[in-house]
Amino acid sequence: MNVRLEKSWKNLLKDEFAKPYFNDLAAFVRHEYQSGTVYPPPKFIFNTLDSLPVDQVKVVILGQDPYHGPGQAHGLSFSVLDGIKPPPSLQNIFKEIETDLGHPHHASVNLDCWVKQGVLLLNATLTVRANQAGSHQDKGWEIFTDAIIHELAKQKDHLVFILWGNYAQKKGSFVDTGKHLVLKAPHPSPFSAYSGFFGSRPFSQTNQYLVKHGLTPIDW
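Cut-off values and rules
Residues numbered from 1 in each chain as written. Predicted model: local features only at pLDDT ≥ 70, side-chain atom pairs only at ≥ 80, totals over all residues. Heavy atoms only, no water. UniProt positions renumbered as here; feature names shortened; annotations may be inferred. Helix = DSSP H or I, 4+ residues; strand = E, 2+ residues; numbered from the N terminus. Contact = heavy atoms within 4.5 Å. Core = buried A, V, L, I, M, F, W, Y, C linked by side-chain atoms within 4.5 Å. Buried < 20%, exposed > 50% of the residue type's maximum accessible area, 1.4 Å probe, protein only.

- If you check an unreviewed UniProt entry, the protein chain appears there as Uracil-DNA glycosylase from Candidatus Collierbacteria bacterium GW2011_GWC2_44_18.
- Under Subcellular location (unreviewed entry), UniProt gives the following word-for-word description of the protein chain: "Cytoplasm".

This is the structure we're talking about:
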């Protein structure tokens, strides 16, 4: 299957595109877009990969599936487009940045400025039906995004994996903590943020690790 994707990712994941599950996934996603409203818009499905070549990845933040409300999802986990009200999880992320670093967040609600600095904002599932959270789970996306994490963890050194919530922690459980920094905390959702997300200080820990290994810290 010919998938249009940034060159370094297309090369890294070329074996995945030839597997039967990916052909089935592509057929399912195509049918979903033709038969109803699906987010993000098709041009943004691979946005996080297209915006950040493999050799520039320094941090991976795992999400579950895209926002399913109008105008929110644009292919970056936890991020929304400018002009959209930040969802509660994103608001809590910004609160933790301010507590952790001692200053307000520098990002707009569109977190592409993080991506440009080396932060891969990766959802486990890259598409979703409008107003139906989790509707594209178990269709093949998880296999594809597992492959992304496996290849990054295998081929690169000194990455930071930020795993918020049980789902992300299970998905990233195989990452070698002797080779990479793995930061775990509850999800920033209002349902769990006060059970350990607030005060987890992932942003300062990430930057300390990057500097320790000769890498430029992220301007959060």
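1. Considering the UniProt feature "active site" (unreviewed entry) in the protein chain
Then, in step 1: Mapped onto the present numbering, the UniProt feature "active site" (unreviewed entry) falls at Asp65.
Then, in step 2: Tracing the backbone through its elements, the reader meets Asp65 in the loop between strand S2 (59-63) and helix H5 (88-101).
Then, in step 3: Once you skip the residues sitting within four places of it in the chain, Asp65 turns out to touch Asn123, Thr125, Val128, Ala133, Gly134 and Gln137.

2. Overview of the UniProt feature "domain: Uracil-DNA glycosylase-like" (unreviewed entry) in the protein chain
Then, in step 1: UniProt annotation of "domain: Uracil-DNA glycosylase-like" (unreviewed entry) refers to residues 50-210 when read in the numbering used here.
Then, in step 2: Split by type, residues 50-210 is 31% helix and 14% strand. Its first and last C-alpha atoms lie 23 Å apart.

3. A look at unusual backbone geometry
Then, in step 1: Here the bond from Tyr39 into Pro40 is cis, since omega is -5 degrees, no more than 30 degrees from zero.
Then, in step 2: Secondary-structure assignment places Pro40 in the loop between strand S1 (38-39) and helix H4 (47-50).
Then, in step 3: The backbone of Phe78 shows a phi angle near 70 degrees, a positive value even though the residue is not glycine.
Then, in step 4: As for its placement among the helices and strands, Phe78 is situated in the loop between S2 and H5.

4. Observations regarding the nonpolar core
Then, in step 1: Residues Trp9, Ile61, Trp114, Leu120 and Phe144 are the most contacted members of the largest nonpolar core, which totals 71 residues.
Then, in step 2: Of all the elements, helix H7 (residues 141-155) adds the most residues to this core, at 7 residues.
Then, in step 3: Discounting chain neighbours no more than four positions away, the residues touching Trp9 are Leu49, Leu52, Pro53, Val54, Val57, Leu120, Ile148 and Leu152.

5. A few points about helix H9 (residues 202-212)
Then, in step 1: Looking only at H9, the buried set comprises Pro202, Phe203, Ser204, Thr206, Asn207, Tyr209 and Leu210.
Then, in step 2: Here the buried face of H9 lies against S2, H5, helix H6 (112-115), strand S5 (160-164) and strand S6 (181-185).
Then, in step 3: Looking one or two residues past H9, Gly214 carries a phi angle of roughly 75 degrees, positive in sign.

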